[in-house]
Amino acid sequence: MTEPTSAELDFVDDVAAFFTEEGLPYIAGRVVGWLLICDPAEQSAAQLASALLISRSSISSTMRLLTPSGLVTGFRKRGERQEYFRIAEDGWSRMLAARYAKTSAFREVTERGLAVLAGAAPERTARLAGVAELYRFLEAELPALWTRWEQHRAARTPVGGEVGGRGSSAERP
């Protein structure tokens, strides 16, 4: 493994800044940024810590945050005790599918809130009504968008290739 260049670390920091705005800790964003461009594509905790100049305990905490979304996956190589991490082949799709799958659940929450506020002044219900309308729209539109994404991904994936990754309609939001 080669040491990251200054330009590569700038990119890593740009990814981290983006994800920080999305509510992710800065170190988690740096890990995602590095895993997007590192060589080899899989990195041990020690390699990540060395490349990003952060502690191994920070890597451990970060992986507990990143792996449940499916974006980052951990695995062990046969005969080795250490765990390696990489961006999952279809990690971005799985992460977004999980997020979009929550659309219906939050729409239901907003509908319950509107029921609680039944009869309240329109000024009081307007904010919640706007959110409910947005989530009803997303719930109706996202499945078609996801289907188009799957078709696009399948069309550009060579047979046996990894360009588009795996995925099924079961992932569909």
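Residues numbered from 1 in each chain as written. Predicted model: local features only at pLDDT ≥ 70, side-chain atom pairs only at ≥ 80, totals over all residues. Heavy atoms only, no water.

> How should I be thinking about the overall build of the chain in this particular structure?
A count of helices and strands for the chain gives 6 helices and 3 strands. Going from the N terminus to the C terminus, the chain shows its helices and strands as α-α-β-α-α-β-β-α-α. Taking all 173 residues of the chain together, the buried fraction comes to 31%. Long-range pairs, those at least 24 residues apart, make up 52% of the contacts in the chain between residues at least 6 apart in sequence. Of the roughly 10,600 Å² that the chain leaves accessible, carbon and sulfur atoms contribute 55%. (Helix = DSSP H or I, 4+ residues; strand = E, 2+ residues; numbered from the N terminus. Buried < 20%, exposed > 50% of the residue type's maximum accessible area, 1.4 Å probe, protein only. Contact = heavy atoms within 4.5 Å. Areas by Shrake-Rupley, 256 points an atom, 1.4 Å probe, with all protein chains shown as cover.)

> How do you make sense of helix α1 (residues 6-21) when you look at a structure like this?
Each full turn of the α-helix corresponds to 3.6 residues, which orients residues three or four apart in the same direction. In this model α1 runs 23 Å from its N-terminal to its C-terminal C-alpha over 16 residues, within 8% of the 22 Å that 1.5 Å per residue would give. For α1, the full list of buried residues reads Val12, Val15, Ala16 and Phe19. One side of α1 holds all its buried residues, which, seen down the axis, span an arc of 100 degrees. Counted as exposed and oriented over 90 degrees from the buried face of α1: Ser6, Ala7, Asp14 and Glu21. Here the buried face of α1 lies against α2 (26-37), α3 (45-52) and α5 (91-116). Looking one or two residues past α1, glycine 23 carries a phi angle of roughly 100 degrees, positive in sign. (Expected span 1.5 Å × (residues − 1). Arc of directions from axis to C-beta.)

> Any chance you could explain unusual backbone geometry here in plain terms?
Across the junction of aspartate 39 and proline 40, the peptide omega takes the value 5 degrees, indicating a cis bond. As for its position among the elements, proline 40 is in the loop between α2 and β1 (43-44). With a phi close to 55 degrees, leucine 53 is a non-glycine residue in the positive phi region. Note on placement: leucine 53 falls in the loop between α3 and α4 (56-66).

> It is not clear to me how the pairing of strand β3 (residues 83-87) should be interpreted in this structure. Could you clarify?
As a general feature of sheets, a regular strand has side chains that alternate between the two faces. When β1 meets β3, the two strands line up antiparallel, connected through 2 bridges. Each residue of the ladder has a partner; that of glutamine 43, found in β3, is phenylalanine 85. Bridging between strand β2 (residues 72-76) and β3 involves 5 bridges; their strand directions are antiparallel. Counted as the bridge partner of glycine 74 is phenylalanine 85 from β3. Connecting β2 to the next strand, β3, in antiparallel fashion are 6 residues, including glycine 79 with a positive phi near 85 degrees. (Pairing = 2+ DSSP bridges.)

> I keep staring at the sheet that holds β2 and nothing clicks. Help me out?
Sheets are built from strands that pair by backbone hydrogen bonding, the pairs being arranged parallel or antiparallel. Taken in spatial order, the 3 strands of this open sheet run β1-β3-β2, and their pairing is antiparallel. Strand pairing shows two members of the sheet lacking a second neighbour, β1 and β2, which therefore form its edges.

> I'm lost on the nonpolar core in this one. Help?
Burial of nonpolar side chains together is a common tendency in soluble globular proteins. Counting residues in hydrophobic clusters, the biggest one holds 24 residues, and the most contacted among them are Val31, Leu35, Ile59, Met63, Leu66 and Val72. Every element with two or more residues in this core is listed here: α1, α2, α3, α4 and β3. Not counting chain neighbours up to four residues away, the residues in contact with methionine 63 comprise Val31, Leu35, Leu48, Pro68, Val72 and Phe85. (Core = buried A, V, L, I, M, F, W, Y, C linked by side-chain atoms within 4.5 Å.)

> Just to check I follow, could you spell out a nonpolar patch on the surface for this structure?
On the surface, a nonpolar cluster with roughly 310 Å² of combined accessible area is contributed by Phe11, Leu36, Ile37 and Trp92. By the secondary structure assignment, isoleucine 37 is in helix α2. (Patch = residues over 30% accessible without salt bridge, like charges linked within 9 Å, V, L, I, M, F, W, Y side chains within 5 Å. Salt bridge = Lys/Arg side-chain N within 4 Å of Asp/Glu carboxyl O.)

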